[in-house]
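Residue-level listing of the chains:
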Amino acid sequence: MAKLAFLGLGLMGTPMATRLLEAGHDITVWNRTSAKTRPLVDQGASAASSPAEAVAGADAAITMVATPQALEQVLFDDDGVLGALTPGQRLIDMSTVGPEMIRSVATRLPSHVTLIDAPVRGGIPEAIAGRLLIYVGASQEAFDFAQPLLASLGTPHHVGGPGAGAATKIVVNLILGVTITALGEALALGDTLGLDRRTLLDILAESPIGSTARSKRANVESGTYPPGFKLRLALKDLRLVTEPTAQPRQDLRLAAATCSWLEQAAQAGADDLDYSAVVATILAASTGSSPEPS
Ligand code: NA7
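Parameters and conventions
- Residues numbered from 1 in each chain as written.
- Predicted model: local features only at pLDDT ≥ 70, side-chain atom pairs only at ≥ 80, totals over all residues.
- Heavy atoms only, no water.
- Salt bridge = Lys/Arg side-chain N within 4 Å of Asp/Glu carboxyl O.
- Core = buried A, V, L, I, M, F, W, Y, C linked by side-chain atoms within 4.5 Å.
- Buried < 20%, exposed > 50% of the residue type's maximum accessible area, 1.4 Å probe, protein only.
- Helix = DSSP H or I, 4+ residues; strand = E, 2+ residues; numbered from the N terminus.
- Contact = heavy atoms within 4.5 Å.
- Phe/Tyr/Trp six-rings, centres within 6.5 Å; stacked < 30°, edge-to-face > 60°.
- Lys NZ or Arg CZ within 6 Å of the ring centre and 35° of its normal.
- Near = heavy atom within 4 Å.
- Polar contact = N/O pair within 3.5 Å; in protein donor to acceptor, adjacent residues only side chain to side chain.
- Areas by Shrake-Rupley, 256 points an atom, 1.4 Å probe, with all protein chains shown as cover.
- Axes fitted to C-alpha atoms, helices over the stretch in contact; angles between N-to-C directions.
- Parallel < 35°, antiparallel > 145°, perpendicular 65-115°, else oblique.
- Left-handed = near helix turned anticlockwise from the far one by under 90°.

Describing the pattern of salt bridges
Step number 1: Under the definition given, this model contains 10 salt bridges.
Step number 2: A salt bridge links R197 to D191; its shortest N-O distance comes to 2.7 Å.
Step number 3: Among the charged side chains, a salt-bridge network with shared partners connects D202, R217 and E221.

As structure tokens, this is what we get:
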């Protein structure tokens, strides 16, 4: 069993750290909001007061934070991970931060530290059940180290060298965003054409966007969007695809349209709701009404 530091106990990080603890690893946790470490400590983890303290003596440090900016702070601020890294340690970033951030981190780490990018696909139920899909960018040697650890969390796919995991993840989340906005536009068009919403949802459940129509149906029908994958994070991922710094620049029109819908939903107050709240924004825009998603 390994000695691990786990940094970032949000909606995803908490069940992931819990699974690693249950697998028998020796875990030290850190979170910006320290109260979130308590459930892990109650189950046997140690809590550190800074990222540097968490990482000291660990075989590997795992980061699972919201954004590239959050990762930047956890790694490189005073008391950040960087100050504590020693030869032979591995840094496994499981956040979705995009390949440019991974490249930037790699250039600033000491050469004796191995960086592995391993972002995940799946939500809270998959994290709890250990059924995440994990896209790993790493050398073969680093993958061989990480694979048994990551297997407690789901299915690791070795998709290429360093950065390939981060790149794969934003490709996958482009599809996630396009699919949810396609569902919103399909329902809006159906409303305009006078179609029955429930019948249309049955039909869409068997369409190419079927899995999204099925998994988000309860949210759409109830008009409530409790956070699973937060809309602010889905928007962050689309920006990783569309922003001018993204390389290489491409004419990704669906990505731009999706980003625009997500921005409108965020402006309507849906930042901390599930990303499927964008459906409510699209439906409201099509009728000219402006209900607040909840
Ligand atoms: P959550 O539930 O929004 O959790 C985000 C985590 O990131 C949480 O631990 C936050 O700490 C932490 N965070 C956010 N900003 C910072 C800064 N500036 N410094 C340190 N830590 C920070 O997200 P999920 O768990 O759903 O998702 C995590 C990642 O997986 C994300 O990249 C997704 O796109 C995929 P807090 O508790 O707020 O103090």
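Some details on the nonpolar core
Burial of nonpolar side chains together is a common tendency in soluble globular proteins.
Step number 1: In this structure, L183, L187, Y225, L231, L262, V278 and V279 are the most contacted members of the largest nonpolar core, which totals 35 residues.
Step number 2: If you list the elements that add at least two residues to this core, you get α8 (164-192), α9 (197-205), α12 (231-242), α13 (253-270) and α14 (278-287).
Step number 3: Looking at which element gives the most residues to this core, the answer is α8, with eight residues.
Step number 4: Beyond its immediate stretch of four places on either side in the chain, L183 contacts L201, L204, I209, T212, A213, K216 and V279.

Considerations on the packing of aromatic side chains
Step number 1: The full count for this structure, using the stated rule, is one aromatic pair.
Step number 2: The lysine or arginine in question, R90, covers the ring of F145, its NZ or CZ lying 3.8 Å from the ring centre.

Comments concerning the site of the ligand
Step number 1: Around the ligand sit 22 residues in total, of which N31, T33, K36, Q73 and K236 are the nearest.
Step number 2: In the environment of the ligand, a nitrogen atom lies 2.8 Å from a nitrogen or oxygen atom belonging to the side chain of Q73.
Step number 3: Between the ligand and K236, the relevant distance is 2.7 Å, taken from an oxygen atom to a side-chain nitrogen or oxygen of the residue.
Step number 4: Relative to its free-state accessible area of 790 Å², the ligand is covered by the protein chains to the extent of 89%.

Regarding the packing of α8 against α14
Step number 1: It is at 8 Å that the axes of α8 and α14 come closest, and there the two elements cross at 30°. In terms of axis orientation, α8 runs roughly parallel to α14. Classified by chirality, the crossing of α14 by α8 is right-handed. Where α8 abuts α14, its residues I180, T181, L183, G184, E185, L187, A188, D191 and T192 lie against V278, V279, I282, L283 and S286.

Keep in mind these values describe shape, not function.
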